[in-house]
Amino acid sequence: MKHKDIVIVGAGISGAVLAERYASIGKSVLIIEKRNHIGGNCYDYIDENGILVSKYGAHLFHTNFEEVWEYVNRFSEWYDWEHKVLARVDDKTVPIPVNITTVNTLFGTNIQSEQEMKEWLDANRLPIEEPKNGEEAVLNKVGEVLYEKMFKHYTKKQWDKFPSELDASVLNRIPVRFNYDDRYFSDKYQALPKEGYTALFANLLNNPNIEVLLETDYFDIKDQLSGYEKLFYTGPIDRFFTFKDKLEYRSINFHYETVDQEYFQENSVINYPGMEVGFTRIVEFKHFGNQKSKKTTIAKEYTVDQGEPYYPVPNPRNQEIYQKYRAEAEKLTDVHFVGRLANYKYFNMDQAFKNALDLFEELQHASNKIQEKDLVR
Ligand code: UDP
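My aim in this report is to walk through the structure given alongside it, one point at a time. (Residues numbered from 1 in each chain as written. Predicted model: local features only at pLDDT ≥ 70, side-chain atom pairs only at ≥ 80, totals over all residues. Heavy atoms only, no water.)

Contact pair helix H2 (residues 66–73) / helix H12 (residues 349–376): the axes reach a minimum separation of 10 Å and the direction vectors enclose 90 degrees. Taken together, the axis directions place H2 and H12 in an arrangement best described as roughly perpendicular. Here Glu-67, Val-68, Tyr-71 and Val-72 of H2 lie close against H12, whose contacting residues are Asp-350, Phe-353, Lys-354 and Leu-357. When its residues are assigned to classes, the contact of H2 with H12 shows 5 nonpolar, no polar and 3 charged. (Axes fitted to C-alpha atoms, helices over the stretch in contact; angles between N-to-C directions. Helix = DSSP H or I, 4+ residues; strand = E, 2+ residues; numbered from the N terminus. Parallel < 35°, antiparallel > 145°, perpendicular 65-115°, else oblique. Contact = heavy atoms within 4.5 Å. Nonpolar A, V, L, I, M, F, W, Y, C, P; charged D, E, K, R; others polar.)

Encoded structure:
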């Protein structure tokens, strides 16, 4: 195999950003990707209905990091997209995150101001000073009734665990709104790439210094690789060390359907937080960017424990296992573990961009320091 300065395992966000950064300073880069495409779980494509669909579920970009926003704008044009999610609860359709409309629709109240919403929440929530898990986090914010209707069973379907068995951070991803704001996120920048994520990744990797090997398992060829300066591993950390203790991951089965009508539902994403159906949500892709087509494509999402790892499962037991791997990882010089799977953290896309950009800067800084020292000598 030809010599490369930098070897990267995985062509998702972390891998692609590091490849782009190193290629930009003249390093030769090899990316080894098990799947037959770039982009990791952001991968999207035009389907038989002419609609841009995501193979691994909808990806909504949002960030407050100026440097990430500037960086992604170098590789794609973006259009503003403020994501909204509806939930079907008790034959009603309500916004999630919970806001004034959610409460009024579900309970027939007539809340009209932030003050009244706060009063309603105060009368319903169970104040818990330091929520220790997901259940306490939700009870503390919205109380038992909304917990039952909107969070308990959705979480069980999503994680095969009740919120009490998950870290508070998982459920804290969803805020509560005291007003009518029905956006899923409140970040400064909320947008989608004009030509899709795959095109964004193709632009990131469009550099003669970068070679991408698709459909290649790093573990099958690792003995043929040598002499590189650095290796970046973005896959599951337990796979790297092949320890006995397996970390848990959740995967999603997507049941795609073509529906022979212009629209299937009124919004891009509709959650089903009850037990009456097995899926967690239905995504109708044509809503993103208001795509036009005669038919429509939807995907029902069923979360499962086997398959491509998507979500690390944040709870104390997995954290303990992860820490053991982390300690092993830290002993390795010039192998770096980057991204959601290698760090076993539920990163959003912008955090993944930021971590990869920061790591590059940090390593460059360190290597500049060494060079300076050598010059002084
Ligand atoms: N969640 C819920 N009900 C909902 C939406 C989310 O209980 O209608 C919980 C669930 O545990 C989920 C977590 O909040 O895993 C985080 O949701 P998010 O939408 O951030 O998950 P993602 O989009 O990453 O799948």
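Continuing now.
Tracing the backbone shows Asn-343 in the loop between strand S17 (335–337) and H12. With a relative accessible area of 13%, Asn-343 lands in the buried category. Residue contacts for Asn-343: discarding those within four places in its chain leaves Tyr-322, Arg-326, Phe-337 and Val-338. (Buried < 20%, exposed > 50% of the residue type's maximum accessible area, 1.4 Å probe, protein only.)

Reading across from one edge, S10-S2-S1-S11-S17 is the order of the 5 strands in this open sheet, with parallel pairing throughout. Of all the strands in the sheet, the pair left with one neighbour each is strand S10 (210–213) and S17. The sheet shows a mean angle of 15 degrees between the axes of neighbouring strands, taken without regard to direction. Bridging between strand S11 (residues 230–233) and S17 involves 3 bridges; their strand directions are parallel. Residue Phe-232 lies in a different strand from S17, and its bridge partner there is His-336. (Pairing = 2+ DSSP bridges.)

Within the structure, the ligand sits among 16 residues, and Trp-159, Arg-173, Tyr-184, Tyr-311 and Tyr-346 are positioned closest to it. Within the side chain of Thr-155, a nitrogen or oxygen atom sits 2.8 Å from an oxygen atom of the ligand. Separating an oxygen atom of the ligand from a side-chain N or O atom of Asn-271 is a distance of 2.9 Å. Against a free-state accessible area of 520 Å², the protein chains account for coverage of 93% of the ligand. Of all the secondary-structure elements, those providing two or more residues to the shell around the ligand are helix H6 (144–159) and helix H7 (168–171). At 6 residues, H6 tops the list of elements feeding residues into the shell around the ligand. The residue makeup of the shell around the ligand, split by class, is 11 nonpolar, 3 polar and 2 charged. (Near = heavy atom within 4 Å. Polar contact = N/O pair within 3.5 Å; in protein donor to acceptor, adjacent residues only side chain to side chain. Areas by Shrake-Rupley, 256 points an atom, 1.4 Å probe, with all protein chains shown as cover.)

So, on to the pairing of strand S12 (residues 249–259). Sheet analysis places S12 next to strand S16 (residues 311–312), joined by 2 bridges and oriented antiparallel. Pairing of Tyr-249 across the sheet is with Pro-312, part of S16.

For the rest of this paragraph, the subject is the environment of Glu-136. Here Glu-136 is to be found in helix H5 (residues 134–142). Looking at Glu-136, the relative accessible area reads 18%, which means it is buried. C-alpha separation for the pair Glu-136 and Ala-168, spaced 32 residues apart in sequence, amounts to 7.4 Å. Leaving out residues up to four positions away in the same chain, Glu-136 has contacts with Ile-128, Glu-130 and Pro-131.

So, on to a positive patch on the surface. Positive charge collects at one region of the surface, where Lys-34, Lys-222, Arg-239 and Lys-246 lie side by side. Looking at where Lys-246 falls in the secondary structure, it is placed in the loop between helix H10 (237–241) and S12. Accessibility expressed as a relative area gives 61% for Lys-246, which makes it exposed. (Patch = residues over 30% accessible without salt bridge, like charges linked within 9 Å, V, L, I, M, F, W, Y side chains within 5 Å. Salt bridge = Lys/Arg side-chain N within 4 Å of Asp/Glu carboxyl O. Lys, Arg positive; Asp, Glu negative; His and termini not counted. Charge placed at Lys NZ, Arg CZ, Asp CG, Glu CD.)

Judged by nonpolar contacts, the single largest core of 108 residues is most densely connected at Met-150 and Phe-151. Among the elements that make up this core, the one with the highest residue count is H12 (8 residues). With residues up to four places along the chain from it excluded, the contact list for Met-150 reads Ala-87, Val-89, Val-94, Pro-95, Ile-96, Val-98, Thr-102, Leu-106 and Pro-273. With 7 residues, the next largest nonpolar core counts Leu-86, Val-259, Phe-279 and Ile-298 among its residues. (Core = buried A, V, L, I, M, F, W, Y, C linked by side-chain atoms within 4.5 Å.)

It is the contact of helix H1 (residues 13–24) with H12, at a shortest axis distance of 9 Å, that shows an interaxial angle of 35 degrees. The two elements H1 and H12 cross, and the hand of that crossing is right-handed. On the side of H1, the interface is formed by Ile-13, Ser-14, Val-17, Leu-18, Arg-21 and Tyr-22, while H12 contributes Met-349, Ala-352, Phe-353, Ala-356, Leu-357, Leu-359, Phe-360, Leu-363 and Gln-364. Counted by class, the contact of H1 with H12 contains 12 nonpolar, 2 polar and 1 charged residues. (Left-handed = near helix turned anticlockwise from the far one by under 90°.)

So, about the pattern of salt bridges. If charged atoms from side chains of opposite charge come close, those side chains can pair. Tallied over the entire structure, the rule returns 25 salt bridges. For Glu-211, the salt bridge goes to Lys-4, with nearest N and O atoms at 2.9 Å. Here Lys-4 lies in the segment before strand S1 (6–9) and Glu-211 lies in strand S10, a separation of 207 residues in the sequence. One network of salt bridges, with partners in common, ties together Glu-82, Arg-177, Asp-181 and Arg-183.

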